[in-house]
Protein chains: 2
Amino acid sequence: MPDHTPPRRRLADDSAEAPAIAASTPLPAASSGNGARPDPPWGASVDHDGLDGDTRDAFGPLDVRSDRRVPEATVARLPIYLRCLVEVADAKVVTISSERLAEMAGVNAAKVRKDLSYLGSYGTRGVGYDVEYLLVQISRVLGLTQDWPVVIVGIGNLGQALANYRGFAARGFRIAALVDADPSKVGESVGGLAVRSLDDLPEIVAGQNVAIGIIATPAGVAQDVADRLVAAGITSVLNFAPTVISVPPGVSIRKVDLSIELQILSFYQQRRESGRPVDDVPAGDLPTAGAPVEASEGLTL
Amino acid sequence: MPDHTPPRRRLADDSAEAPAIAASTPLPAASSGNGARPDPPWGASVDHDGLDGDTRDAFGPLDVRSDRRVPEATVARLPIYLRCLVEVADAKVVTISSERLAEMAGVNAAKVRKDLSYLGSYGTRGVGYDVEYLLVQISRVLGLTQDWPVVIVGIGNLGQALANYRGFAARGFRIAALVDADPSKVGESVGGLAVRSLDDLPEIVAGQNVAIGIIATPAGVAQDVADRLVAAGITSVLNFAPTVISVPPGVSIRKVDLSIELQILSFYQQRRESGRPVDDVPAGDLPTAGAPVEASEGLTL
DNA sequence: TAGATTGTTAATCGATTAACAATC
DNA sequence: TAGATTGTTAATCGATTAACAATC
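Residues numbered from 1 in each chain as written. Chains lettered and ligands numbered in written order. Predicted model: local features only at pLDDT ≥ 70, side-chain atom pairs only at ≥ 80, totals over all residues. Heavy atoms only, no water.

## So, the sheet that holds strand β2 (residues 123-124) of chain A
Residues and elements named next belong to chain A. As summarised here, the arrangement of the three strands in space is β1-β3-β2, forming an open sheet in which the pairing is antiparallel. In the strand order of this sheet, the two ends are held by β1 (95-96) and β2, each with one partner. Bridge analysis of β1 against strand β3 (residues 128-130) gives two bridges, and the strand direction is antiparallel. By the bridge assignment for β3, I96 is matched with Y129. Across the face of the sheet, helix α4 (residues 131-142) comes into contact with β1 and β3 while running at roughly 70° to β3. (Pairing = 2+ DSSP bridges. Helix = DSSP H or I, 4+ residues; strand = E, 2+ residues; numbered from the N terminus. Contact = heavy atoms within 4.5 Å. Axes fitted to C-alpha atoms, helices over the stretch in contact; angles between N-to-C directions.)

The following block contains the structure:
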């Protein structure tokens, strides 16, 4: 069986610029022993970007760019792989094949290999991927080796639920502050934090170096809140308000829209009920999965 | 200016099989007068599916299938368009151009036209789309002309927030029941509903004809809950638990994963901070939008 | 060596978008 | 008629996936 040797690394390394792996506990993985990651022979083979051939791509074959472009769809799947890896690491599994990882993540094995290949050559042919090592690499690529303070704006039902959500802290997203426009809410304690005024935003963002803002307000004020967040220096926004908001270039935005998800389900449900062909099962953010995952992580959502 | 006449309809109509437009109030739009929709001349031009040519598609040109295939990406955008239309309808605007709708939805105008063309020819050249009419058509396609009872499983922080979320009912998703496995929670009242036992699931689903289930439990029990939902007869699942769950074919599943969204933001944030080229701004479910939407709908999320 | 499994290629598919004829 | 705007085409782009040579 697999005579496991630490995987070689082929791509140019960008860890020089990347933040050092923090001693804090950014990942659940930290508790499952990621200090013991294999120590691969750095620079064993100093070759270029691996793109040799007719691939339609802007990189010339000599362009050793540390910032390999990672497709958007791949970025969105990396957190899933990470979660699966944490799970198998907790079970003390040392190596994992793309096949098994794919099964757990609910995707195609070829997709897993392709996705991971954007990060570098972290597998070993005939063996698989070293779980701990891959886990650390994905964490690094995702920027999870550092702590990200976040601010939540809008402390209604959802804001409070988010403030109490343990899964954020468990993944290195520390809630730095809760903010609300309603004076009657300011000062109230939620999840161990005192709610602060919307006017304190600039001070909070600057003082605690907050880069990520979460909008959990009613739709009507979401754009205004977004503007204030951006003005205060926030450059990543997660929007839960059921409205489209716009941000200037250079600011990232993602949205989570509860009603929209239900409406999408409604579409496919209706098709089924009216006896239509229902070509494909619908459309998760990720496909329907195929694995009997027996999840661990004691999250009390 | 636009001499507005009711838009013609070109595609084969499938309203024969589709549920009748309910008299209930499935949409906020109901309150803005959608009873007054224009009455287009049905069957004016009886033509086929419009797919004539070399498009790689399974439909033969003579195959008048009522169930036009709507691309997944389009389905995911229809709820956004709908929301924008409700907003302009409330402002008593009668027609809207693809350009304006695109601006509001934060997408490309060509995309709006292409998306809407999958539903039929509901616009009028030189004029635009009749707001109320388009609104009704999108609602119908999405299955929002009927009421969808939903059951929420897991009444923790998030489950309670969801139970109190007014946006669901406002869009025709009636919360039929709240369910939890914890006996100490059963009987408790949340958002005006008594929490029921997980064991009551079959009875609830059958008795109230529930098709959609929402999982808001910890990851560890999510798969088991999904299995029970499916066994009880649920065929659409919205999963908030941070784990991949699998369901049999014929059951739809979508997921909302809070931590994953933050991790994706972290990726792009890190790229920016480390002075990388940051080719593209990241990756919302929908793009970054471009419109100063001043939202209405008084949702108290 | 034989078996296993990666990393990459290339085919294919689906989604996006500019452009423009159709037509109000 | 002139201006506006749709609906559709076709080019392009990005994502998926089977297949297989490389190699452990």
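## Observations regarding the protein's contact with DNA strand C
The environment of DNA strand C is formed by 31 residues, the closest being S98, G123 and Y129 of chain A together with R77 and R125 of chain B. Each atom of DNA strand C within 4 Å of the protein was classed as base or backbone; sugar and phosphate made up 65%. In the model, a base nitrogen of DNA strand C is placed 3.0 Å from a nitrogen or oxygen of the R113 of chain A side chain. The separation between a base nitrogen of DNA strand C and a polar side-chain atom of R125 of chain B is 2.8 Å. For the surface near DNA strand C, the secondary-structure elements that each account for two or more residues are α3 (109-117), β2 and β3 of chain A together with α1 (72-90) and α3 (109-117) of chain B. Looking at the surface near DNA strand C element by element, the count peaks at four residues for α3 of chain B. Class assignment of the residues belonging to the surface near DNA strand C gives a composition of six nonpolar, 12 polar and 13 charged. (Near = heavy atom within 4 Å. Polar contact = N/O pair within 3.5 Å; in protein donor to acceptor, adjacent residues only side chain to side chain. Nonpolar A, V, L, I, M, F, W, Y, C, P; charged D, E, K, R; others polar.)

## Thoughts on the protein's contact with DNA strand D
Taken together, 29 residues form the shell around DNA strand D, and within it R77 and R125 of chain A together with S98, G123 and Y129 of chain B come nearest. Here a phosphate oxygen of DNA strand D and a backbone polar atom of Y122 of chain B are 3.4 Å apart. Between DNA strand D and R125 of chain B there is a distance of 3.0 Å, counted from a base oxygen to a side-chain nitrogen or oxygen. Those elements that place two or more of their residues in the surface near DNA strand D are α1 (72-90) and α3 of chain A together with α3, β2 (123-124) and β3 (128-130) of chain B. Among the elements that take part in the surface near DNA strand D, α3 of chain A stands out by supplying four residues, more than any other. Of the residues assigned to the surface near DNA strand D, the class counts are six nonpolar, 11 polar and 12 charged.

## Re the side chain of S259 of chain A
In this structure, S259 of chain A sits in helix α9 (residues 258-273). The exposure class assigned to S259 of chain A is buried, which follows from its relative accessible area of 0%. Here the side chain of S259 of chain A touches R171 of chain B through a polar contact of 3.4 Å, side chain to side chain. Excluding residues that lie within four positions of it along the chain, S259 of chain A makes contacts with R83, Y165, G167, F168, R171 and F173 of chain B. (Buried < 20%, exposed > 50% of the residue type's maximum accessible area, 1.4 Å probe, protein only.)

## Digging into the environment of P79 of chain A
Positionally, P79 of chain A belongs in helix α1. In the structure, P79 of chain A is positioned 22 residues away from L101 of chain A in sequence and 13 Å away in space, judged by C-alpha atoms.

## Section: the packing of aromatic side chains
Residues and elements named next belong to chain A. Within this structure, the stated rule accounts for six aromatic pairs over all chains. Plain terms: the ring middles of Y122 and Y133 are 5.5 Å apart, the flat faces sit at 80° to each other, and that makes the pair edge-to-face. Pair noted here: Y122 is in the loop between α3 and β2 and Y133 is in helix α4, with a separation of 11 residues, a long-range link. Each of the two residues, Y122 as well as Y133, counts as buried. Ring geometry for F267 versus Y268: centroids 4.9 Å apart, planes at 90°, classification edge-to-face. This pair shows no difference in class: F267 is buried, exactly as Y268 is. (Phe/Tyr/Trp six-rings, centres within 6.5 Å; stacked < 30°, edge-to-face > 60°.)

## Re the side chain of D130 of chain B
All names here are of chain B. Following the sequence through the fold, D130 ends up in strand β3. On the accessibility criterion, D130 (7% relative accessible area) is buried. Here the side chain of D130 touches Y133 through a polar contact of 2.8 Å, landing on its backbone nitrogen.

## Topic: the environment of C84 of chain A
All names here are of chain A. The topology assignment puts C84 in helix α1. Assessed through its relative accessible area of 5%, C84 is described here as buried. For the pair C84 and A105, spaced 21 residues apart in sequence, the C-alpha separation works out to 6.7 Å.

## Side note on α9 of chain A
Residue and element names in this part refer to chain A. For α9, spanning 16 residues, the distance from its first C-alpha to its last is 23 Å, which sits close to the expected 22 Å at 1.5 Å a residue. Of the residues flanking the start of α9, the one acting as N-cap is D257, its side-chain oxygen 3.3 Å from the backbone nitrogen of S259. Phi turns positive, to about 65°, at G275, one or two residues after α9. (Expected span 1.5 Å × (residues − 1).)

## A closer look at unusual backbone geometry
Located in the positive-phi region is N209 of chain A, a residue other than glycine, with phi close to 55°. A positive phi angle, near 65°, is found at K92 of chain B, a position not held by glycine. One can find K92 of chain B in the loop between α1 and β1 (95-96).

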